[in-house]
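Below are the chains, spelled out letter by letter.
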Amino acid sequence: MTANAFPLTWLYVPGDRPHVVTKALASGADVVVIDLEDAVAPDRKECARAATADLLTQPQPVAVHVRINALDTPWAKADLEALLGLPGLDGLRLPKVTGPSDIHHVAARTTTLPLYALLESALGIEHAYTIAAAHPALRGISLGEADLQADLGVRSDIGLDWSRSRIVVAARAAGLAPPPQSVHPDTRDLKGLAASCAHGRALGFLGRAAIHPRQLPIIERAYLPTEAELEQAETIIKAATTQQGAQALPDGSFIDAAVVATARRTLSLINRR
């Protein structure tokens, strides 16, 4: 299954719980991320890897990515050996990436499988652009905010905003898609999730990782264009097809090539499936 051109929801599920993975595949998430790393205890790694490999011997109805174990752990090599080449695998998520060499290490073994880097440390953030531009197989970067917060000693959520903006800029500079937000860890705090998504959207993120299906509609609603935004985008595109150069709309708003590009992206989200 090829991933959606504009995925908004990335649902993480533990690899050692096949019944939960089965439910996730029917949840409506754009991408299901089977987690072999943080969600799996050390004594369950082999079980999770075997169950995931067994599932991915067949293509799945939605895009499936796997978050392997960090490359400096004893499990990463076995993860790659078990998973690479399986027809149901649509992407690999690489945790705790700190530099381009991590991307090259995996890309050397698979030049066509899409790779996604998780930046979870101060060093990873410092190398954000060089990671994002490391290899054509790399299709996206995102934050692992829990680990990053611990590494930085940040006590307030706002303390992560500089790092968030840094990876949004790095992704754009490297020609990658806008990154999705990191997970909102309280699965019952849906109002907090909605507010956090609105903040992330304002920073330039597109979509979000989730850890429970109840979070999916909140994320999608937050990132899909509103009726007013769609109407404005359609007005801009119509004006752009009849006139050249910068211009002002009847409501006084100014449009140019950059505004038109934003309007086209807004409309593309509605037809993303």
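Criteria and cut-off values
Residues numbered from 1 in each chain as written. Predicted model: local features only at pLDDT ≥ 70, side-chain atom pairs only at ≥ 80, totals over all residues. Heavy atoms only, no water. Buried < 20%, exposed > 50% of the residue type's maximum accessible area, 1.4 Å probe, protein only. Helix = DSSP H or I, 4+ residues; strand = E, 2+ residues; numbered from the N terminus. Pairing = 2+ DSSP bridges. Polar contact = N/O pair within 3.5 Å; in protein donor to acceptor, adjacent residues only side chain to side chain. Contact = heavy atoms within 4.5 Å. Axes fitted to C-alpha atoms, helices over the stretch in contact; angles between N-to-C directions. Core = buried A, V, L, I, M, F, W, Y, C linked by side-chain atoms within 4.5 Å. 1 Å grid on protein atoms, 1.4 Å probe; cavity = no way out; pocket = protein on both sides within 12 Å on 5 of 7 lines; lining within 4 Å. Points joined across faces, edges and corners; volume = space filled by probe spheres on them. Nonpolar A, V, L, I, M, F, W, Y, C, P; charged D, E, K, R; others polar.

A.B. asks: How would you explain the pairing of strand β6 (residues 138–143) if you had to name every residue and give the values?
C.D. replies: For β6, a buried count of 5 out of 6 residues is recorded, marking the element as mostly surrounded by other parts of the structure. Of the strand pairs in this sheet, strand β5 (residues 115–119) and β6 are connected by 5 bridges, and their pairing is parallel. The residue bridging Leu118 from the neighbouring strand is Ser142, located in β6.

A.B. asks: Break down the side chain of Thr187 for me, with residues and values.
C.D. replies: Counting through the fold element by element, Thr187 comes out in the loop between α8 (161–173) and α9 (190–203). Engagement of the side chain of Thr187 in a polar contact is seen with the side chain of Arg214, the distance being 3.3 Å. Excluding residues within four positions of it along the chain, Thr187 makes contact with Ile211, His212, Arg214 and Gln215.

A.B. asks: Tell me about the sheet that holds β6, and please be specific about residues and values.
C.D. replies: Read from one edge of the open sheet, 7 strands run β6-β5-β4-β3-β2-β1-β7, paired in parallel fashion. With partners counted over all chains shown, the strands left at the sheet margins are β6 and β7 (208–210), one partner each. Here the strands of the sheet are splayed against their neighbours by 25° on average, with no regard to which way each runs. Two strands pair when backbone bridges link them, and strand β4 (residues 91–94) and β5 are joined in this way by 3 bridges, in the parallel orientation. Looking at β5, one finds that Leu94 is bridged to Ala117. Along the sheet, helix α4 (residues 100–107) contacts β4, β5 and β6; its crossing angle with β5, the most-contacted strand, is approximately 150°.

A.B. asks: So what about the nonpolar core? Which residues, and what values?
C.D. replies: Membership of the largest hydrophobic core comes to 60 residues, with the highest contact counts inside it found for Val66, Leu83, Leu92, Ile103, Leu115, Leu119 and Ile141. A total of 5 residues in this core trace back to one element, the largest contributor, which is helix α10 (residues 216–223). Non-local contacts of Leu115, meaning those with residues more than four positions away in its chain, are made with Leu92, Leu94, Ile103, Val106, Ala107, Ala137, Leu138, Arg139 and Gly140. Among the nonpolar cores identified, the runner-up in size contains 8 residues, and Trp10, Val33, Ala63 and Leu118 belong to it.

A.B. asks: Quick one: what's the story with the layout of surface pockets, residue by residue and with numbers?
C.D. replies: Summary: where empty space remains is shown by rolling a probe the size of a single water molecule over the atoms. Of the voids in this model, the largest pocket is the one considered here, and its volume is about 750 Å³. Every residue lining the largest pocket is counted, 39 residues in all, and those nearest its centre are Tyr12, Ser182, Val183, His184 and Ile211. Residue assignment for the lining of the largest pocket shows that the elements contributing at least two residues are β1 (9–14), α1 (18–25), β6, α7 (145–152), α9 and β7. Per-element tally for the lining of the largest pocket: the top contributor is β1, with 5 residues. In terms of residue class, the lining of the largest pocket is made up of 18 nonpolar, 10 polar and 11 charged.

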